[in-house]
Amino acid sequence: GKNVIEKLPKVISEYKSVLLLYGQGSIKKNGIYDEIIKQLKQTNIHIYEYSGIKSNPIIEDVNKASDLVRKNNIECILAVGGGSVIDSAKAIAASAPYSNDAWDLFTGNLIPNKAVPIFAVLTLAATGSEMNGFAVVQNEMLKRKDSFYSNFVYPKVSFLDPKYTNSVSPEYTAYGLAD
């Protein structure tokens, strides 16, 4: 609903660190980034950032972000974006507690029994990733795009404010409807 992001400090305050995950930077242009940072600064949470998630997310980004989570003992992930960002967050959350390559999730060589908690701020209504346990990522080296499912990667809370999708072009809104 309207201004629901104001509830972010309350739901995330139990954590000491967060990975703020987002795409190519549109959230900085449309003001969502500033709003998220304002809300996070109302807590004592340490903010780490990983940006540049592509609209067809790649396993290399997932592995780099998973390493960042492991190296810094990051306690939760805040995915701000559409399905690609949220799917990447799920793969990061599921692979970070392990030393495996994240692609092992997609081959079945890693079946997680825990994950880093995820929170999502939806900026593109399309895939339903903000409310399910599925993730789709591609491996450019193998020329594959695969999915995995886990009960452990459902977002704990998803923030859905229609104003965050206002900057989406009619073309991308149509793509989202098709998804």
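Preceding block: the structure.
Residues numbered from 1 in each chain as written. Predicted model: local features only at pLDDT ≥ 70, side-chain atom pairs only at ≥ 80, totals over all residues. Heavy atoms only, no water.

### Describing the nonpolar core
We count it as follows: To form a nonpolar core, buried Ala, Val, Leu, Ile, Met, Phe, Trp, Tyr and Cys residues must be joined to one another through side-chain atoms within 4.5 Å. Note on classification: 1.4 Å probe, protein chains only; a residue is buried when its accessible area is under 20% of the maximum for its type, exposed when over 50%, partly exposed between these limits. The way it works is that DSSP assigns letters per residue, a run of H or I at least four long becomes a helix, a run of E at least two long becomes a strand, and they are numbered from the N terminus. Any two residues having at least one pair of non-hydrogen atoms within 4.5 Å are treated as being in contact.
Leu19, Leu21, Ile77, Ile92, Phe106 and Phe148 are the most contacted members of the largest nonpolar core, which totals 33 residues. Within the residue set of this core, elements represented by two or more residues are β1 (17-22), α4 (59-72), β3 (76-81), α5 (83-95), α6 (103-107), β4 (118-122) and β5 (134-139). For Leu21, the contacting residues outside a window of four places in its chain are Tyr50, Ile53, Ile77, Leu78, Ala79, Val80, Val85, Ser88, Ala89 and Ile92. Grouped together as the second largest cluster of nonpolar side chains are 22 residues, Ile12, Tyr15, Ile27 and Ile36 included.

### With respect to the packing of α4 against α5
The condition is simple: In this analysis, axes come from line fits to C-alpha atoms, helices being fitted only over the stretch in contact, and the angle between any two N-to-C directions falls in the range 0 to 180 degrees. Just so you know how the angles are binned, under 35 degrees is roughly parallel, over 145 roughly antiparallel, 65 to 115 roughly perpendicular, and the rest oblique. In this scheme, a crossing is called left-handed if the near helix is turned counterclockwise away from the far one by less than a right angle; it is called right-handed if the turn is clockwise. Each residue gets one of three labels, nonpolar for Ala, Val, Leu, Ile, Met, Phe, Trp, Tyr, Cys and Pro, charged for Asp, Glu, Lys and Arg, and polar for the others, Gly among them.
Where α4 contacts α5, the axes come no closer than 9 Å and their chain directions differ by 50°. In terms of orientation, α4 lies oblique with respect to α5. The interaxial crossing formed by α4 with α5 has right-handed handedness. The segment α4 lies against α5, with Val62, Ala65, Ser66, Val69 and Arg70 engaging Ser88, Ala91, Ile92 and Ser95. Among the residues forming the contact of α4 with α5, the class breakdown is 5 nonpolar, 3 polar and 1 charged.

### Considering a nonpolar patch on the surface
To be explicit about the condition: Any residue with relative accessible area above 30% and no salt bridge may belong to a patch, with like charges joined within 9 Å and the nonpolar Val, Leu, Ile, Met, Phe, Trp and Tyr side chains within 5 Å. The method behind every accessible area is Shrake-Rupley, applied with a 1.4 Å probe, and residues are considered shielded solely by the protein chains displayed. When a carboxyl oxygen of Asp or Glu is within 4 Å of a side-chain nitrogen of Lys or Arg, the pair counts as a salt bridge.
On the surface, Phe134, Tyr149 and Tyr154 cluster together to form a nonpolar patch covering roughly 300 Å² of accessible area. With respect to the secondary-structure elements, Tyr149 resides in strand β6 (residues 144-149). Residue classification places Tyr149 among the partly exposed positions, given a relative accessible area of 37%.

### Overview of the sheet that holds β1
Keep this limit in mind: At least two bridges found by DSSP between two strands is the condition for calling them paired.
Pairing within the open sheet is parallel, and its 5 strands lie in the order β2-β1-β3-β4-β7. Of all the strands in the sheet, just β2 (46-50) and β7 (157-159) have a single pairing partner and so form its edges. In this sheet, neighbouring strand axes are inclined to one another by 20° on average, regardless of whether the strands run parallel or antiparallel. Two elements, β3 and β4, share 5 bridges in a ladder whose sense is parallel. Within β4, the residue paired with Leu78 across the bridge is Phe119. Where helix α3 (residues 32-40) meets the sheet, its contacts fall on β1, β2, β3 and β4, and the angle it forms with β1 comes to roughly 175°. Its contacts with the sheet put α5 on β1, β3 and β4, and the angle it makes with β3 is roughly 165°.

### Considering the pairing of β5
As a general feature of sheets, a regular strand has side chains that alternate between the two faces. By the alternation rule, side chains of β5 split into Ala135, Val137 and Asn139, which are all buried, and Phe134, Val136 and Gln138, of which none is buried. Inspection of the sheet shows β5 paired to β6 by 6 bridges, in the antiparallel sense. Within β6, the residue paired with Phe134 across the bridge is Tyr149. Once β5 ends, the chain turns through 4 residues before running back antiparallel as β6, passing Lys143 with a positive phi of about 55°.

### What about the environment of Val85?
Checked against the element boundaries, Val85 lands in helix α5. Along the chain, Val85 and Ser51 lie 34 residues apart, while their C-alpha atoms are 9.3 Å from each other. Not counting residues up to four positions away in its chain, the partners in contact with Val85 are Leu21, Tyr22, Gly23, Ile53, Ala79 and Val80.

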